[in-house]
Amino acid sequence: RSLAAPRSSTTAAVSAPQHPHRRPHMGAAGVCAYLCVALALFSAQVHAFRAPLRAAFRKSGRLGATKEDEDTRNVAEWATVLKEHRGRRFQVIAAEAWEDMALKLEREHPERFRFHTSSWGHWPDGTDNIEIGGFSPHNVISGSHVVFLANFESNAQTLSQFSVIITLLQSFVESLTVVLPFYPVGQMERITKPGQVATANTYAQLFSNLPSSGKPTRVMVYDIHALQTRFYVSGTSILNLLTTVPMVLPRLQAAGIDCIAFPDDGAAKRFKTSFPDFALITCGKTRDGDDRRVVIQEGSAEGRHVCIVDDLVQTGGTLHEAGKALVEDGALSVSCFVAHGVFPNEAWRRFAKGGDRGGLFRKFWVTNSCISVTRELPTDDCFEVLDIAEQVVQDIDNFG
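Residues numbered from 1 in each chain as written. Predicted model: local features only at pLDDT ≥ 70, side-chain atom pairs only at ≥ 80, totals over all residues. Heavy atoms only, no water.

Draft legend 1. Representation of the sheet that holds strand S5 (residues 145-149) within the structure. Here we have 6 strands laid out as an open sheet, ordered S2-S1-S5-S6-S7-S8, and parallel in their pairing. Here the strands that pair on one side only, and so sit at the sheet edges, are strand S2 (113-115) and strand S8 (237-242). Going from strand to strand, the sheet's axes swing by 25° on average, the running direction of each strand aside. Relative to strand S7 (residues 217-222), strand S6 (residues 175-180) runs parallel, the two sharing 4 bridges. Bridge assignment links Thr-177 to a residue of S7, and that residue is Arg-218. (Pairing = 2+ DSSP bridges. Helix = DSSP H or I, 4+ residues; strand = E, 2+ residues; numbered from the N terminus. Axes fitted to C-alpha atoms, helices over the stretch in contact; angles between N-to-C directions.)

Here is the structure:
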């Protein structure tokens, strides 16, 4: 040791002690071998998992099943699911305007629906004094599936009904379905200048921030004007967009209607897939000097019995202009169907007998979604009001 050359601090390094549990460096060949072993073990595990699964599929007849086989199984499964849905019982609460519908649901489907009358009173200062039915003498609301038939025809009614919806959700209901046939702010989903209020957004905020019953509140809305409104509602509620078109199809066939016309491109995009067995016409507005008039942009009405279809009617000017264009193009008859008859300031009178637009439409079909208006429509005229109640029952079960 005395003769050993001294170590230089710049040329020699002290070897660190080998860690007793550290694996030696494998190199490329070792890594490849390790991966091959791991892959083999993984393949063996997958095969062991797939073997009983394939046996189960083979036993059920699903291994190698065709698209037709899968469709048949789906139809059978849907029948089972629908039977389960139709076995569900609902407690029904209704706004005053929809109490007749609630009674009809109970009368025609007593095993499914039980209506509880609510008191929609006011205190002397004008604030709400509401008592929801079904809580006394025994509470049959908590723990039950509940349907609330809503009617938002005025701001005062809307606020009162939101109070009831909140109370129901805070009463430990199993689920809550809000049936709102007409979404009155569907046309106010955008603004054109600062300071305007998009009331569709206001309603969406109210629905989105409702209390949770443990699952989303389902809000059933029919033929909403702006389809994108469904994406404004989030959080604790889901907007379920539905259509009233199935209600009018039997009437169209009975009346010999063979052609459907849309007053504008928006209505065509919304409804055209609902009428696969009819000839289709699309109309649109064009400028004629200082005037704007409706013309046929696609299709022909010559020799056809035509029905104009749209989501709602206000004053009815566009429907009237479209009807005249169809007659000028050779239509044998013109009728009309709209989901929502808003008709502000009794605008429907212009289409009735003696009105300046009377006689143009052979039939004017409209649902009773705007119940306070359609109650006033004459029964001995061109108008025919379609009751939405049975469609609601079907859609409660079908989930759209």
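Draft legend 2. Geometry of the pairing of S7. For S7, the buried fraction is high: 6 of the 6 residues fall into the buried class. Pairing between S7 and S8: 6 bridges, direction parallel. Note on S8: the bridge partner recorded for Met-220 is Asn-240. (Buried < 20%, exposed > 50% of the residue type's maximum accessible area, 1.4 Å probe, protein only.)

Draft legend 3. Focus on helix H8 (residues 317-328). End to end, H8 covers 17 Å across 12 residues, agreeing with the expected 16 Å (1.5 Å per residue, within 8%). Taken together, the buried positions of H8 are Leu-319, His-320, Ala-322, Gly-323, Ala-325 and Leu-326. Considering only its buried residues, H8 is in contact with strand S9 (259-262), strand S10 (279-288), strand S11 (291-298), strand S12 (305-313), strand S13 (333-341) and strand S14 (364-367). Positive phi shows up at Gly-330, right after H8, with a value of about 105°. (Expected span 1.5 Å × (residues − 1). Contact = heavy atoms within 4.5 Å.)

Draft legend 4. Representation of the side chain of Thr-374 within the structure. Within the element layout of this structure, Thr-374 appears in helix H9 (residues 371-374). Separated by 3.4 Å, the side chain of Thr-374 and the backbone oxygen of Ile-371 make a polar contact. Contacts of Thr-374, omitting those with residues within four sequence positions, involve Val-366, Thr-367, Asn-368 and Val-385. (Polar contact = N/O pair within 3.5 Å; in protein donor to acceptor, adjacent residues only side chain to side chain.)

Draft legend 5. Highlighting the sheet that holds S10. If you trace the 7 strands from one edge of the open sheet to the other, you get S11-S10-S9-S12-S13-S14-S15, paired in mixed fashion. Unpaired on one side and paired on the other, S11 and strand S15 (383-386) mark the two borders of the sheet. Across the sheet, the mean angle separating the axes of adjacent strands is 25° when strand polarity is ignored. The sheet contact formed by S13 and S14 spans 3 bridges and is parallel. In the strand pairing of S14, Phe-337 is matched with Trp-365. Along the sheet, H8 contacts S9, S10, S11, S12, S13 and S14; its crossing angle with S12, the most-contacted strand, is approximately 165°.

Draft legend 6. View of the packing of aromatic side chains. Applying the stated rule across the entire model yields 14 aromatic pairs. Residues Phe-162 and Phe-207 carry aromatic rings whose centres are separated by 5.0 Å and whose planes lie at 55° to one another, so their mutual orientation is tilted. Of the two residues, Phe-162 sits in helix H4 (residues 155-169) while Phe-207 sits in helix H5 (residues 199-208), which places them 45 residues apart along the sequence. Phe-162 sits in the buried class, given a relative accessible area of 5%. Of the residues examined, Phe-207 reaches a relative accessible area of 0% and is grouped as buried. (Phe/Tyr/Trp six-rings, centres within 6.5 Å; stacked < 30°, edge-to-face > 60°.)

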